[in-house]
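Residue-level structural notes
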Amino acid sequence: MGELNRRIVTDGQVFPGDVLKVDSFLNHQIDPEIMHEITGKWLEYFKDREITKILTIEASGIAPAIIVASTLGVPMLFAKKATPSTLTNHDLYTTPVHSYTKNVTNEILVSKKYLSPDDKVLIVDDFLANGEAALGLADLVEQSGAEVVGIGICIEKSYQPGRQKLDDAGYEVYSVSRIQSLANGRVEFLSE
Ligand code: 5GP
């Protein structure tokens, strides 16, 4: 079992609504060693892809995204969750994303300045559940004419529809941890 899965077992807490809380190392306090394990696996899986940019969404994707970007020597861009005033700006790519944990739909946005048609973008995020965040980020990339090289995820809840949706849309997805079930508060992984 990898270190990430071990930490999920020891520190993770299952909340109602199938939410796995991992605040001690991923979503609030951040453990750099776990981040390096995760990002090392993404880098190995997506090596030799001529990636020019890493894209994530604020806030929890930023920590692993900056490590990957720094290792590859490319910029890291994060999509912002919109406030109404920012949406009057026409120099933005925007798309609606429904939040799994907050149960609200927000626009997310990036400036048109930071994505161009010759970019090859690796999208990364902390969790994959229904796939809304990842599909929204892929939509921003595609609006710009850039290419989605792949999608790197820290923790995928494989029994929820996101993974299948991304596979069906033709994206290459690599998730470091794949959870098969959180039933009865117990974490079970897909076999590694
Ligand atoms: P999706 O868009 O795939 O439905 O959900 C992904 C987003 O929702 C992630 O960016 C993450 O912030 C949040 N999320 C979804 N499921 C969980 C979960 O079980 N635990 C935590 N901490 N965040 C989650």
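Preceding this section is the structure that the text describes.
I will try to describe carefully the structure that is included in this document. Note that this is a predicted model, so its numbers are computed, not measured.

Definitions and cut-offs
Residues numbered from 1 in each chain as written. Predicted model: local features only at pLDDT ≥ 70, side-chain atom pairs only at ≥ 80, totals over all residues. Heavy atoms only, no water. Axes fitted to C-alpha atoms, helices over the stretch in contact; angles between N-to-C directions. Helix = DSSP H or I, 4+ residues; strand = E, 2+ residues; numbered from the N terminus. Parallel < 35°, antiparallel > 145°, perpendicular 65-115°, else oblique. Left-handed = near helix turned anticlockwise from the far one by under 90°. Contact = heavy atoms within 4.5 Å. Core = buried A, V, L, I, M, F, W, Y, C linked by side-chain atoms within 4.5 Å. Buried < 20%, exposed > 50% of the residue type's maximum accessible area, 1.4 Å probe, protein only. Near = heavy atom within 4 Å. Polar contact = N/O pair within 3.5 Å; in protein donor to acceptor, adjacent residues only side chain to side chain. Areas by Shrake-Rupley, 256 points an atom, 1.4 Å probe, with all protein chains shown as cover. 1 Å grid on protein atoms, 1.4 Å probe; cavity = no way out; pocket = protein on both sides within 12 Å on 5 of 7 lines; lining within 4 Å. Sits in = over half its atoms within 2 Å of the grid points. Nonpolar A, V, L, I, M, F, W, Y, C, P; charged D, E, K, R; others polar. Points joined across faces, edges and corners; volume = space filled by probe spheres on them.

Overview of the packing of helix 3 (residues 32-45) against helix 4 (residues 62-72)
It is at 9 Å that the axes of helix 3 and helix 4 come closest, and there the two elements cross at 55°. In terms of their interaxial angle, helix 3 and helix 4 are classed as oblique. The handedness of the crossing between helix 3 and helix 4 comes out as right-handed. Between helix 3 and helix 4, the contacting residues are M35, H36, T39, W42 and L43 on the first element and A63, P64, I67, V68, T71 and L72 on the second.

Brief notes about the nonpolar core
Core analysis: the biggest nonpolar cluster contains 30 residues, and L4, I8, L20, L26, I54 and I155 have the highest contact counts within it. Listing elements by their share of this core, those giving two or more residues are helix 1 (3-11), helix 2 (23-27), helix 3, helix 4, strand 7 (120-128), strand 8 (147-157) and strand 9 (173-181). By size, the runner-up hydrophobic cluster in this structure holds 24 residues, among which are V97, V110, L128 and V141.

Some thoughts on the site of the ligand
Around the ligand, a shell composed of 16 residues is seen, among which L20, A129, N130, G131 and K157 lie nearest. Interatomic distance of 2.7 Å between a backbone N/O atom of G131 and an oxygen atom of the ligand. Look at the ligand: alone it shows 500 Å² of surface, and the protein chains cover 88% of it. Among the detected pockets, the ligand sits in the largest pocket. Counting residues per element, the ones that place at least two in the shell around the ligand are strand 2 (19-21), strand 7 and helix 5 (132-144). Looking at the shell around the ligand element by element, the count peaks at 4 residues for strand 7. Each residue belonging to the shell around the ligand can be placed in one class, and the counts come to 7 nonpolar, 4 polar and 5 charged.

A look at the packing of helix 1 against helix 3
Contact pair helix 1 / helix 3: the axes reach a minimum separation of 9 Å and the direction vectors enclose 135°. Here helix 1 lies oblique to helix 3, going by the angle between them. Mapping the contact onto sequence places E3, L4 and R7 in helix 1 and I34, E37 and I38 in helix 3.

Considerations on the layout of surface pockets
Over the atoms rolls a probe the size of a water molecule, and in doing so it shows where empty space is left. Of the volumes computed, that of the largest pocket is approximately 760 Å³. What lines the largest pocket is a set of 32 residues, among which K81, S99, T101, K102 and D126 lie closest to the centre. Classifying every residue of the lining of the largest pocket by side-chain character gives 14 nonpolar, 9 polar and 9 charged. The space that makes up the second largest pocket amounts to roughly 210 Å³. Along its surface, the second largest pocket is lined by 13 residues, and L77, K80, V110, S111 and Y114 are the ones closest to its centre. Within the residue set of the lining of the second largest pocket, elements represented by two or more residues are strand 4 (76-81) and strand 6 (105-111). Counting residues per element, the lining of the second largest pocket draws most heavily on strand 4, which supplies 4 residues. Classifying every residue of the lining of the second largest pocket gives 8 nonpolar, 3 polar and 2 charged.

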